[in-house]
Amino acid sequence: MAMLSTYRVLLLVLLFSKTEAFVHPRPAVVNEWSARIGLWLTEHILNNASGIEYLTERYKSENIPLVPVHGEQIVTEIADNWENLLGKKMTALEHLVRHLEEECLVYKYDPDITPDDVEYHPAKNVDLTLANSTKFGQPVNTTASVVHIPTDIFTGDPRILNGIKWTSKLDEVYISNYKEDPSLIWQYFGSAEGYMRTYPAHNWSLGPLMIDEYDVRRRTWYIQAAASPKDMMILIDVSGSVHGLVLELIKASAVSLIDTLGENDFVNIASFNERARFVSCFETFVQANERNKNVMKDKIRLLVDNGIASFDIGFTFAFEQFKKFKETSAFQEENQGANCSQVIMLLTDGGEQRAEEVFRNYNLPIETRVFTYVVGPQVTSSGGVKYMACENEGYFSRIPAVGAIRLNTLNYVRVLSRPMALERARVYQWSNIYLDAMGLGMMTTVTLPVYNRTTPENQQLLGVTGTDVTIADMEELIPEYKLGPASYAFGINTNGYILIHPRLKGQLGYLIEPPNVDLLEVELPTAEKEQLRKAMIDGKNGTIVTETLHRNTNELLFERYVFLINMTYWYRFINSTSFSMAIALPSFNLWSMDLNNRSFNEFQTKDQLHSDDCYILIAPWMFCPDQKHNATAEVVDSFISDFLENHNNSDCDHEMLTRLLIDLYATEDLEQNYWVAKFPGQGNDSLASLIELGVESLIVGTMGGLTRIYPKTVALELSDVELDNLRDPWKQDYYERALYINDYVISVPHNSGRNRDDNYTTVVSASKAVRLEKDVMPAVIKVTLQQEFFNMGWKEQTDKCFGEDCYRTCSNENHHLNCYLLDNGGFVVASNQEEHVSYIGSFFGLIEGDILNEMVNTSVYDKVESFDFQASCLKTEEKQATAAGARSLHIPSLPEALTLNWWATKASWSYIQYNLYNILFSSWSTTVLAQEEESAKKEENISCIKLEKQYYYGPMSQEYSDQLVCSNNCSRDWSVSRVPGTNLLLVIIEPDCGSCPNIIVKQEPEKVDGPDPCVAATQPRYRMRPGFCYNNHPQADYSDCGKGSSISASIFTVLTHLTCAFLIVRLF
């Protein structure tokens, strides 16, 4: 019996031992492993090599007082600088307008004028000597202006020639403005007749075989300046009589009308026959931003003809919508709607219906102007259509062919401009930002209208003057040094749209139209940020503090990391503009060193920036006025010497150079008394002593803009470009990430995971900030580790379990444990699996998507998602087909017209048919050829929406364990534990058992449709309407309500097109 019991005990021991060998490590074991890894990494290597404690004590020994950052003073300084910059542009426009209106008073119109009577420099063929200019991004001539005339306007038209002549002396004012304000860039006058005079002179460049379709009157900034904001209802006749090409022309005309609207306008579209209905999902008026306009354009394309038109039904529907809109809370509380001019645009093929009863019931007295367009060859009478426009203070126009769309849809603008012209209103308007077609980046335009003042009752708008301000010019006025690293300034307009922000992607070339990016689309929203946005829109000044998830300002880290931090916002309105600006400071930038009373006697005056052991870099900052961005060590050393010898009379920035000097001496002590002393030797000898500790190099970057690289030989192996990229410590990812995390930030270079390489090698680095009181961080130290040493070392720390050898470890491949080190964003820093070496630096979800989702579900990681409305996508064939807008009727481009194949298509006959109609049934003075509207851009990338996902540590405690059950016979145990003293997470997972889905979870942004614009329209964001409205005037004369004529074109152009068409078609 005793023998049997002994055997049972032995059997249990054997079974227990065998089971223990394959059981998942207990949480306590995983926790011990992470503690051992943290101790080995921080105490044995990083603290020992970096000298972080030594440098911390060295800065403390300076005994420099700490003072709070006065954010209200900084934001006021920036706001004043912007106000001064923008004010100068407005003053320049005043000079232009005054000159133009005075010249118009004395000019005598010459009806018999010929091109020989007018001297000017054509923009498309400049006859001047041009000199390269970095400021303008192209060759220019600053002694003259050039004149641009749209392709579809006859250059010999007397109105054009007279206009060019009476504006000829504008060059004198252009040049005078430029001398007074050298920061001015383009100055221009856009005439209501279509020509544009621009200074300085430059070539109007076009790509090969591209048609110049630019017309200043179709630019948003021009239309915005020419008339007050408007609420517009577009009524589209879809009855059976508008079938075929007429309906296609109506669709194109509707799109053209939409394109004339800006962000201060509101619009909706309805189609009608025996009943009326909205064309899109929008059931009320919506802001005419790019997203909403695109939704409506897409739906216009789908319209079909059917039934009989009832103008009574269509106009009743329109008036009812205006009434309902004004009763909504969005209109009354969120300032939706223009609440100024109210217009109805009717697109039809004609008719005698007058809807008189509807107008008596809804529009007496007249509050809504009616503009009517008869589209296509006139088959039916259009007397009733014209009557409705004339009786409702609108305008009647004909659009007989495609070529008339672009210009005739603009007829409403000059009508709406009449009250403003009679009032002689001096209204400065600032456009939304847009990408400069001439290569100067993102910019905003300020405009001022010009009126004909020959008689008091004259209601003619002569045109619009404008000048631009680049976002780069505004950024130069932001004292980034005073804000500190990871802080930033931004600006918005009264619609809440971004003027300037670190996440504004203005460097990409696909932003053809204003991006209409809202503040809450680039900032992760909180309730306090919504309050901030509203206060800025309302033109208030103040401060708001919020705890928020904050993305790095470093562009290399934008899409990968977020941090939970307290942010303080100071904001202020920019007087005389529609802009408000703010600065954002994280909690670690709220205090700074007080350097005002610093003594300079202790500093030497020669060879400040020379070292035999370290390579020294200086940030490319403006320490002194005459520095010209040349911040090499030698140049700055000269400034330092002059500053120390004569600092009381120096023009250099005292605070910046003092900060640099303190950093210089503190880090010199670190170099000589710690790094060199601990790792002695010259050149490769010092490198060898570091390698024994598993370290390849040491770098310190400072708040004052200094970088030291030890040993020097490491830097000497880098290229000039690589060294130049390291000059500014604030822009280094190792520097910025260390500011947000108290521990060592362990990182590897980002790896997209697209290219698999089993021999993939990388570098491992660790950075940590020197932290003083109040979270003041004067420097960050970076340690670069040997990858092989690091990989071997952390795995060896899993060999022991409470002092004994472990049954399973990460270092023994036979134990079949999948072990990883992840960073705070969920990216793989290390793995014990050979097949996963090529994933180092990639997102963990690419390897273990199932486990990652389990981590999110159990709050090991949290996830934040947001839409990037400024993303770029590769242009697909589908996109190429629709890039030019909603057009079912294809309009040939010049390259197409020169090919035989196009003329053999049915589209060519449509083209000929409409132009032939113009020739036969219109006078030569009103003939317009069908031509391409807006050519599709030829970028390789196009604008799109992407979904961004960032992961960050959740509220999990130190360790967590769980099990992923995949089937009855398949489950995977997994455990995680935070690595003390670092940003790392140790992850231990059982191997795949065959039944788990093993899904792939991507972190990189993915193209999506974005939020439903139909839903967004029901929850509009707060905005402020423009502070002016000129929608009526007692002297306004609306008797000129349209004759249905078109803009004149060249007879030669007409004959050339038709002759070519006839000859080519004969070939078939």
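Before any of the text, the structure's been laid out above.
From a predicted model like this one, the values you see are computed outputs, not experimental measurements. (Residues numbered from 1 in each chain as written. Predicted model: local features only at pLDDT ≥ 70, side-chain atom pairs only at ≥ 80, totals over all residues. Heavy atoms only, no water.)

1. Details of the overall build of the protein
For the protein, the helix and strand inventory stands at 34 helices and 37 strands. Evaluated residue by residue, the protein yields a buried proportion of 57% over its 1068 residues. Taking as baseline every contact in the protein between residues at least 6 positions apart, the subset at least 24 positions apart corresponds to 75%. Summing over all exposed atoms, the protein offers an accessible surface of approximately 45,100 Å²; the carbon and sulfur share of this is 50%. (Helix = DSSP H or I, 4+ residues; strand = E, 2+ residues; numbered from the N terminus. Buried < 20%, exposed > 50% of the residue type's maximum accessible area, 1.4 Å probe, protein only. Contact = heavy atoms within 4.5 Å. Areas by Shrake-Rupley, 256 points an atom, 1.4 Å probe, with all protein chains shown as cover.)

2. Here we look at the pattern of salt bridges
Using the criterion set out here, one finds 36 salt bridges in the structure. Put simply, K60 and E57 hold a salt bridge, and the shortest N to O gap is 3.8 Å. You can see K60 and its partner E57 sitting in helix 3 (residues 52–60), three residues apart, about one turn around the helix. Accessibility expressed as a relative area gives 43% for K60, which makes it partly exposed. The exposure class of E57 is partly exposed, given its relative accessible area of 48%. Ionic pairing is found between R1021 and D518, a salt bridge with its closest N-O pair at 3.9 Å. Of this pair, R1021 sits in the loop between helix 33 (1013–1017) and helix 34 (1051–1066) while D518 sits in the loop between strand 17 (498–500) and helix 19 (519–522), placing them 503 residues apart in sequence. (Salt bridge = Lys/Arg side-chain N within 4 Å of Asp/Glu carboxyl O.)

3. As for the pairing of strand 5 (residues 230–237)
Within strand 5, eight of the eight residues are buried, leaving the element largely enclosed by the surrounding structure. In strand 5, alternate side chains face the same way, and those of K230, M232, I234 and I236 on one face and D231, M233, L235 and D237 on the other are all buried. With seven bridges connecting them, strand 5 and strand 9 (residues 341–348) associate as parallel partners. By the bridge assignment for strand 9, I234 is matched with M345. (Pairing = 2+ DSSP bridges.)

4. Here's the deal with the packing of aromatic side chains
Scanning the entire structure with this criterion turns up 41 aromatic pairs. Ring geometry for F272 versus F311: centroids 5.9 Å apart, planes at 65°, classification edge-to-face. Of this pair, F272 sits in strand 6 (residues 266–272) while F311 sits in helix 10 (residues 311–326), and the two are 39 residues apart along the sequence. Classification of F272 by relative accessible area gives buried; the value is 1%. Linked through ring pairs, F136, Y174, Y178, W186 and Y199 together constitute an aromatic cluster. Above the face of the F827 ring, R560 is positioned so that its terminal group lies 5.8 Å from the ring centre. The cationic tip of R978 hangs over the ring face of Y953; the distance from NZ or CZ to the ring centre is 4.2 Å. (Phe/Tyr/Trp six-rings, centres within 6.5 Å; stacked < 30°, edge-to-face > 60°. Lys NZ or Arg CZ within 6 Å of the ring centre and 35° of its normal.)

5. A word on the nonpolar core
By size, the foremost hydrophobic cluster in this structure holds 191 residues, and its most contacted members are F490, I583, I746, F790, W794, L821 and F844. Sequence-distant contacts of I583, defined by excluding residues within four places in its chain, comprise G71, I74, V75, I78, L483, Y488, A489, T568, Y569 and W570. Counting 74 residues, the second-largest nonpolar core is a separate cluster that includes W186, W204, V216 and F371. (Core = buried A, V, L, I, M, F, W, Y, C linked by side-chain atoms within 4.5 Å.)

6. What about the pairing of strand 35 (residues 970–978)?
With seven of nine residues buried, strand 35 is to be regarded as a mostly interior element. Both strand 34 (residues 959–967) and strand 35 contribute to a ladder of eight bridges, which runs antiparallel. Note that in strand 35 the partner of Y960 across the bridge is V976.

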